[in-house]
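# Chains, contacts and geometry: an overview
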Amino acid sequence: MNSSVLAYLENSAEYFPEKCAVTDEKVSYSYSELVKLSSSVGTALSELITSGDAVGIYMEKCADAVAAFFATVYAGGFYSVLNTELPQNRLQTTVSVLNPKVIVTSESLLETAKEYFSERKIVTFEDLAKSEPDYAKLGEIRSHKIDTDPLYINFTSGSTGTPKGIVVCHRSVIDFIDHFTEIFGIDNNDVIANQAPFDFDVSVKDIYSSIMTGAQLVLIPKEYFSTPPRLLDYLCDKKVTNLTWAVSALTLVSALKGLNYRVPESVKRVMFSGEAMSPKQLRIWQEKLPEAKFVNLYGPTEITCNCTYFPIERQYEDSEKIPAGKAFPGRRVILVDEEGKQVTEPGVQGEICSAGESLANGYYKEPEQTAEKFVLYPVDGTEQRMYRTGDLGSYDEEGNIVFAGRKDFQIKHMGHRIELEEIERSMTALDGVEKSCCVFDMEKNRIMGFYLGEKAASDVRKQMKEKLPVYMVPTKLIQVDEMPLNKNGKTDRNYFKNYGKK
């Protein structure tokens, strides 16, 4: 049994040494080149860290960054991506929690890194890459590592205002990606187009699905998503076969009518997660790629990517919800009510909880938060470690879990318990509305609805009154020119909560 992701990298290098492993706009590395580069950088890094140390990666999304991840593992450490697009204060707070032994950056970002992280040891990838690999030393380091050692930490927003670091180990990634690639038939013939930032766990599926199967990883520059024709030309030119993207990225392309310009006909698999997919936008993709498989994926970072999946076999009406599906092998996904009892009846809501394989180790240096969210619970007759997602769901008649929204997005208004996401789904289904977001203004006790599209607010209100109870129709409807995203590629609700207050 492999205990490190490095075994998969080296296996692919053995079977496909000259094949392209990863490519960005500027550089491509074959599998043999990626192993050698990672080993060189890892050898140099091993002089700067000891086994089990954290390494911050402050680099743009590029092929060198992928090599830096593996180099960190070769050196005996674990990595955390410091997204270069985040504000200085946020990065400094993250680094204070992570407390990395060293921060790896690129020459082009060195001055910024020195300014942001002045008290830290900072080295450039280019300097580290000048070292010769010391395979004997790297082998000695590896001989002392186990599969539950951390592989990476992803930081998410914390309720206290301090970012929470989610610690994911090698075993969790190996177990999940083994199932993921087998179920969806990902192999060495695939070309996987990476959309997600490297500090967002959608990218974990792209990177490790590629490395474990010998597929090619194509990194898409973020700016391409603001110009759909350029993006679609890139997908076509690279003969991409697999899109595992955030819902927001897919709907951006379809809403801006990018698929009318050009269809990436080589794509045979479209998988999405992060938010509820609009049936209206999904149908556009289905009609343009009638032979492709479409899959809805669900799961938070704390359970390593996804815990359920739902292969989509038909087109859905605007009023329908696309199920989150059933659990991946090795997982047990259940619903728990407010009293802590398991929910089994169809249509009854409960909190979605996941047990079994691939749970994160917990929150970095946060034992109390870890104990609160990762609980022991009797599953199938034995007490198991289980993660409480904070998401609500129910079962349909086929036993699929249907996502109902965040517990945090459930409000009490005019005496009614309301899911804001239900209002959004109804609004987005209207002709002339491409995307929507609803927030609750506590000061004025009103629901505010924001939408992207050509339809007048008065017409939106009129049609929503025909579909929803009056207490669910937003008091104020605002047409916007853009729908900002947060760092995880989801609609930025905080932006709309503060709309007009600045």
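Above: the structure in question.
Residues numbered from 1 in each chain as written. Predicted model: local features only at pLDDT ≥ 70, side-chain atom pairs only at ≥ 80, totals over all residues. Heavy atoms only, no water.

## Concerning the overall build of the protein
- Counting its regular elements, the protein contains 17 helices and 27 strands.
- In terms of overall size, the protein behaves like a compact globule, its C-alpha atoms giving a radius of gyration of 23 Å where 502 residues would be expected to give roughly 23 Å.
- The C-alpha extent of the protein, read off along each of the three principal axes, is 70 × 55 × 45 Å.
- Within the protein, contacts between residues separated by at least 24 positions form 66% of all contacts whose residues are at least 6 apart in sequence.
- Only carbon and sulfur atoms are counted for the fraction: they give 47% of the accessible area of the protein, which is about 21600 Å².
- Distance from the positive charge centre (58 side chains) to the negative charge centre (72 side chains) of the protein: 4 Å. (Helix = DSSP H or I, 4+ residues; strand = E, 2+ residues; numbered from the N terminus. Rg over C-alpha atoms; globule rule 2.2 N^0.38 Å. Contact = heavy atoms within 4.5 Å. Areas by Shrake-Rupley, 256 points an atom, 1.4 Å probe, with all protein chains shown as cover. Lys, Arg positive; Asp, Glu negative; His and termini not counted. Charge placed at Lys NZ, Arg CZ, Asp CG, Glu CD.)

## Here's the deal with the state of the cysteines
- Taken as a whole, this structure holds zero disulfides when the rule is applied.
- Just so you know, Cys236 is unpaired, no disulfide at all, and the nearest cysteine sulfur is the one on Cys20, 18 Å from it.
- A relative accessible area of 14% places Cys236 in the buried class.
- Lacking any disulfide linkage, Cys437 is separated from the closest cysteine sulfur, that of Cys438, by 6.7 Å. (Disulfide = S-S within 2.5 Å. Buried < 20%, exposed > 50% of the residue type's maximum accessible area, 1.4 Å probe, protein only.)

## Observations regarding the packing of aromatic side chains
- For the coordinates displayed, the defined rule picks out 26 aromatic pairs.
- Measuring from centroid to centroid gives 5.8 Å for Tyr363 and Phe374, while their planes differ by 65 degrees, and the two rings are edge-to-face. With a gap of eleven residues between them, Tyr363 in strand S19 (residues 362–363) and Phe374 in strand S20 (residues 374–379) connect regions that are remote in the sequence. The pair formed by Tyr363 and Phe374 is uniform in burial state, with each residue classed as buried.
- Between Phe496 and Tyr499, the ring centres sit 6.5 Å apart and the planes meet at 25 degrees, which makes this aromatic pair stacked.
- On the basis of relative accessibility, which here comes to 1%, the residue Phe496 falls in the buried class.
- Tyr499 gets classed as partly exposed once you look at its relative accessible area, which sits at 33%.
- Members of the aromatic cluster, connected to one another through ring pairs, are Phe176, Phe180, Phe184, Tyr309 and Phe328.
- Above the ring of Phe16, the side-chain terminus of Lys19 is found at 5.6 Å from the ring centroid. (Phe/Tyr/Trp six-rings, centres within 6.5 Å; stacked < 30°, edge-to-face > 60°. Lys NZ or Arg CZ within 6 Å of the ring centre and 35° of its normal.)

## Overview of the pattern of salt bridges
- On inspection of all chains with the given rule, the structure shows 18 salt bridges.
- Across the pair Arg142 and Glu10 runs a salt bridge, and its minimum N-O distance is 2.8 Å. Of the two residues, Arg142 is situated in helix H7 (residues 135–142) and Glu10 in helix H1 (residues 5–15); the sequence distance between them amounts to 132 residues.
- Accessibility expressed as a relative area gives 28% for Arg142, which makes it partly exposed. (Salt bridge = Lys/Arg side-chain N within 4 Å of Asp/Glu carboxyl O.)

## Some remarks on the sheet that holds strand S11 (residues 242–246)
- Taking strand neighbours across the sheet as the criterion, the nine strands line up as S2-S1-S10-S9-S11-S12-S13-S14-S15 in an open arrangement whose pairing is mixed. Two strands lie at the open edges of the sheet, namely strand S2 (28–30) and strand S15 (326–327), each paired on one side alone.
- For strand S9 (residues 191–194) and strand S10 (residues 216–219), the ladder comprises four bridges, and the chain directions are parallel. Within S10, the position partnered with Val191 by the bridge is Gln216. (Pairing = 2+ DSSP bridges.)

## Focus: the nonpolar core
- Residues Val104, Val173, Phe184 and Tyr208 are the most contacted members of the largest nonpolar core, which totals 81 residues.
- Of all the elements, helix H3 (residues 63–74) adds the most residues to this core, at ten residues.
- The residues contacting Val104, other than those within four sequence positions of it, are Leu45, Val55, Gly56, Ile57, Tyr58, Met59, Val123, Phe125 and Leu128.
- Core analysis: the next-biggest nonpolar cluster, separate from the first, contains 32 residues, Ile220, Phe225, Val247 and Phe294 among them. (Core = buried A, V, L, I, M, F, W, Y, C linked by side-chain atoms within 4.5 Å.)

## So, the environment of Asp149
- Tracing the backbone through its elements, the reader meets Asp149 in the loop between H7 and strand S7 (150–156).
- Each C-alpha atom of the pair Asp149 and Gly52 lies 7.7 Å from the other, and the pair is 97 residues apart in sequence.
- Those residues in contact with Asp149 that sit more than four places away from it in its chain are Cys169 and His170.

## Some details on the packing of H1 against helix H2 (residues 31–45)
- One can describe the packing of H1 onto H2 by two numbers: an axis separation of 8 Å at closest approach and a directional angle of 140 degrees. Regarding the angle of H1 to H2, the classification is oblique. Relative to H2, H1 is oriented so that their crossing is left-handed. Across the interface between the two elements, Leu9, Glu10, Ser12 and Ala13 from H1 touch Tyr31, Ser32, Leu34 and Val35 from H2. (Axes fitted to C-alpha atoms, helices over the stretch in contact; angles between N-to-C directions. Parallel < 35°, antiparallel > 145°, perpendicular 65-115°, else oblique. Left-handed = near helix turned anticlockwise from the far one by under 90°.)

## Re the sheet that holds strand S26 (residues 446–453)
- Read across the open sheet, the three strands follow the order S25-S26-S27; overall the sheet is mixed. Each having just a single partner strand, strand S25 (433–441) and strand S27 (476–480) make up the two edges of the open sheet. Along the sheet, successive strands turn relative to each other by an average axial angle of 20 degrees, direction set aside.
- The sheet contact formed by S25 and S26 spans eight bridges and is antiparallel. Looking at S26, one finds that Cys437 is bridged to Phe450.
- Against the sheet, helix H16 (residues 457–467) makes contact with S25, S26 and S27, and its axis sits at roughly 130 degrees relative to S27, the strand it touches most.

## A word on unusual backbone geometry
- A positive phi is found at Cys305, a non-glycine position, where the angle reads about 75 degrees.
- One can find Cys305 in the loop between strand S13 (293–298) and strand S14 (308–312).
- Phi is positive for Ser358, which is not a glycine, with a value near 70 degrees.
- You can see Ser358 is positioned in the loop between strand S18 (350–356) and S19.

## Observations concerning helix H4 (residues 88–98)
- Taken as a whole, H4 has its buried residues at Arg90, Leu91, Thr94, Val95, Val97 and Leu98. Along the axis of H4, the buried residues cluster in a sector spanning 160 degrees; they form a single face.
- Residues of H4 that are buried make contact with strand S3 (54–58), strand S4 (78–81), strand S5 (102–105), helix H5 (110–116) and S7.
- Directly beyond the C-terminal end of H4, a positive phi value near 50 degrees is found at Asn99. (Arc of directions from axis to C-beta.)

Distances and angles like these do not, on their own, reveal function.
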